[in-house]
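Each chain is listed here by its residues.
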Amino acid sequence: MNLPSSPPSARAAAVSFAVAVAGLSAGPVLAQTKTLYIGMNGGTMEKTYTGHVFGAFEKANNVKVVVVPGTSSDILAKAQANKDNPQMHVMFLDDGIMYRAIGMGLCEKMQPSQALNDLFPTARFKGDMAAGVNVGMTGLAYNKKMFTEKGWAAPTSWMDLADPKFKGKVVFQSLASSTFGLHGFLLFNRIQGGSEKNVEPGFKAWPTTIGPNVLEYIPSSAKIAEMVQTGEAAMFPLTPTAVGVLKDKGLPVEYVQPKEGSAVLTVGECVIAKNSEPALAHKLAQYLLSPEAQAAALEHGDQIPSNPKTKASGAAAALVKQMNDYMKTATTVDWDVINENRPAWNARWNKTVER
């Protein structure tokens, strides 16, 4: 039996209603996914964050986070070149370079949040213009295989770099391009009686102490793995986290905390000024300071948390405890003085040390 058909006006109304309902239900699905660009180191850090940290934020905010990889200097150069029309929203920089970025007006002040309040004091940058996402320190690393074969005791002091038995076996990062190299030189300078305001003692002593032992000055730490494998490098400045990365690759490298102390090295984040998505960028920055985000970065990438409320267990908890022990003798350097004088130091280093 055929049912009577609806009048044309009723059918049109029904179709309109169905289309409207379909549109409402499809709305969230079809909503455009926004993209945030974050500058950070490539390699292990990029893999850790893209594989294990960003996902929860992306899902909760219908956003895609894309990494722009590079060294801190690379990222700073990109941000500076696009200062008036930023191509990135957030950036990670080593603390010294972050202070330069702040001085250039590239960062917006961090918005208040519980996570920001919870951070270790050393992870809050002056004026809350940036905040540390992980903490570490520059100390000494050594080639354990070589030391064992030679019957050498593990190093204990920055001055071990000057021991004649290591002639041609010390690898040192360039002061002009590497925070590790800068830290190593400044701590050596302090041992010689200098300070950030007076680097004369370090430059004067270098040619007759550590200088003769240096096989090569390298622009970054990227070449260290190769030089350990080939048996060229016995000792070099490095962080515990970087040593952990090398050990995970099967390289015989160990970290030691020099008796004179290490230099605190914080990787900071800042929201880039004038970016196209300020609200989302600040939301991402706050998330990356949270215990949840930092627990994932710790578990999957040995990124030492700047938020003490971050929970850890097993090997990760042991790593955090070890780092906290190292922090007891870690010292901070004066980045305001360093950045004011860095160009002159770089020129002198290149002329008298790496000539």
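The structure presented is a predicted model; accordingly, all values stated were derived computationally and were not measured. (Residues numbered from 1 in each chain as written. Predicted model: local features only at pLDDT ≥ 70, side-chain atom pairs only at ≥ 80, totals over all residues. Heavy atoms only, no water.)

Enquirer: Can you walk me through the overall build of the chain in this structure?
Expert: Counting its regular elements, the chain contains 14 helices and 11 strands. Each of the three principal axes of the chain carries a C-alpha extent, and together these read 105 × 40 × 35 Å. With 355 residues in all, the chain has 49% of them scored as buried. Taking as baseline every contact in the chain between residues at least 6 positions apart, the subset at least 24 positions apart corresponds to 72%. (Helix = DSSP H or I, 4+ residues; strand = E, 2+ residues; numbered from the N terminus. Buried < 20%, exposed > 50% of the residue type's maximum accessible area, 1.4 Å probe, protein only. Contact = heavy atoms within 4.5 Å.)

Enquirer: Would you explain the packing of helix H2 (residues 44–61) against helix H11 (residues 278–288) in this entry?
Expert: The axes of two packed helices give the description: the angle between them and the distance between them. One can describe the packing of H2 onto H11 by two numbers: an axis separation of 11 Å at closest approach and a directional angle of 130 degrees. Between H2 and H11, the angle is such that the two are oblique. The hand of the H2/H11 crossing is right-handed. Counting all contacts with H2, which are made through Tyr 49, Val 53, Phe 54, Ala 56, Phe 57 and Asn 61, the residues of H11 involved are Leu 280, Lys 283, Leu 284, Tyr 287 and Leu 288. Split into classes, the residues belonging to the contact of H2 with H11 amount to nine nonpolar, one polar and one charged. (Axes fitted to C-alpha atoms, helices over the stretch in contact; angles between N-to-C directions. Parallel < 35°, antiparallel > 145°, perpendicular 65-115°, else oblique. Left-handed = near helix turned anticlockwise from the far one by under 90°. Nonpolar A, V, L, I, M, F, W, Y, C, P; charged D, E, K, R; others polar.)

Enquirer: Where do I start with helix H3 (residues 72–81) in this structure?
Expert: In an α-helix, one turn spans 3.6 residues; hence positions three or four apart end up facing the same way. Burial in H3 covers these residues: Ser 72, Ile 75, Leu 76 and Ala 79. Down the axis of H3, the buried side of the element spans an arc of 100 degrees, and every buried residue falls inside it. Summarising the contacts, the buried residues of H3 are in contact with strand E1 (34–40), strand E2 (63–69), strand E3 (90–94) and helix H4 (95–103). (Arc of directions from axis to C-beta.)

Enquirer: Help me understand the environment of Leu 76, please; the structure alone is not making it clear to me.
Expert: Structurally, the position occupied by Leu 76 is in helix H3. Between the alpha carbons of Leu 76 and Pro 86 there is a distance of 12 Å; along the sequence they are 10 residues apart.

Enquirer: I tried to follow the state of the cysteines on my own but got confused; where do I start?
Expert: Working definition: the covalent bond between the sulfur atoms of two cysteines is a disulfide. Enumeration over the complete set of coordinates arrives at one disulfide. Cys 107 shares a disulfide with Cys 270; S-S distance 2.2 Å. The sign of the -70 degrees torsion about the S-S bond sets the Cys 107-Cys 270 disulfide as left-handed. Within this pair, whereas Cys 107 is found in strand E4 (residues 107–108), its partner Cys 270 is found in strand E10 (residues 262–272), the two being separated by 163 residues in sequence. (Disulfide = S-S within 2.5 Å.)

Enquirer: Whenever I open this one, the packing of aromatic side chains confuses me. Can you help?
Expert: Any pair of aromatic rings gets described here by the distance separating the centres and the angle formed by the planes. Enumeration according to the criterion identifies 17 aromatic pairs in this entry. Measuring from ring centre to ring centre gives 5.0 Å for Phe 172 and Trp 206, while their planes differ by 75 degrees; the resulting arrangement is edge-to-face. Within this pair, whereas Phe 172 is found in strand E6 (residues 170–173), its partner Trp 206 is found in the loop between helix H8 (200–205) and strand E7 (214–218), the two being separated by 34 residues in sequence. Here Phe 172 matches Trp 206 in class, with each residue buried. (Phe/Tyr/Trp six-rings, centres within 6.5 Å; stacked < 30°, edge-to-face > 60°.)

Enquirer: What is the right way to read the pattern of salt bridges from this model?
Expert: Opposite charge on two side chains makes pairing possible when the charged atoms of those side chains draw close. A complete count under the given rule lists 14 salt bridges for this structure. A salt bridge links Arg 190 to Glu 196, with the nearest nitrogen and oxygen atoms 2.8 Å apart. Across the pair Asp 325 and Lys 328 runs a salt bridge whose closest N-O atoms are separated by 3.4 Å. A relative accessible area of 34% means that Asp 325 is categorised as partly exposed. Since its relative accessible area comes to 67%, Lys 328 is described here as exposed. (Salt bridge = Lys/Arg side-chain N within 4 Å of Asp/Glu carboxyl O.)

Enquirer: Explain the nonpolar core here, please?
Expert: Across soluble globular proteins, you tend to see nonpolar side chains buried next to one another. Formed by 60 residues in total, the largest nonpolar core has its most connected members in Ile 38, Tyr 49, Phe 54, Phe 92, Phe 236, Leu 284 and Leu 288. At six residues, the largest contribution of residues to this core is made by H11. Not counting chain neighbours up to four residues away, the residues in contact with Phe 236 comprise Gly 139, Leu 140, Ala 141, Val 171, Ile 224, Val 228 and Val 253. Core analysis: the next-biggest nonpolar cluster, separate from the first, contains 34 residues, Phe 147, Phe 203, Ala 234 and Trp 349 among them. (Core = buried A, V, L, I, M, F, W, Y, C linked by side-chain atoms within 4.5 Å.)

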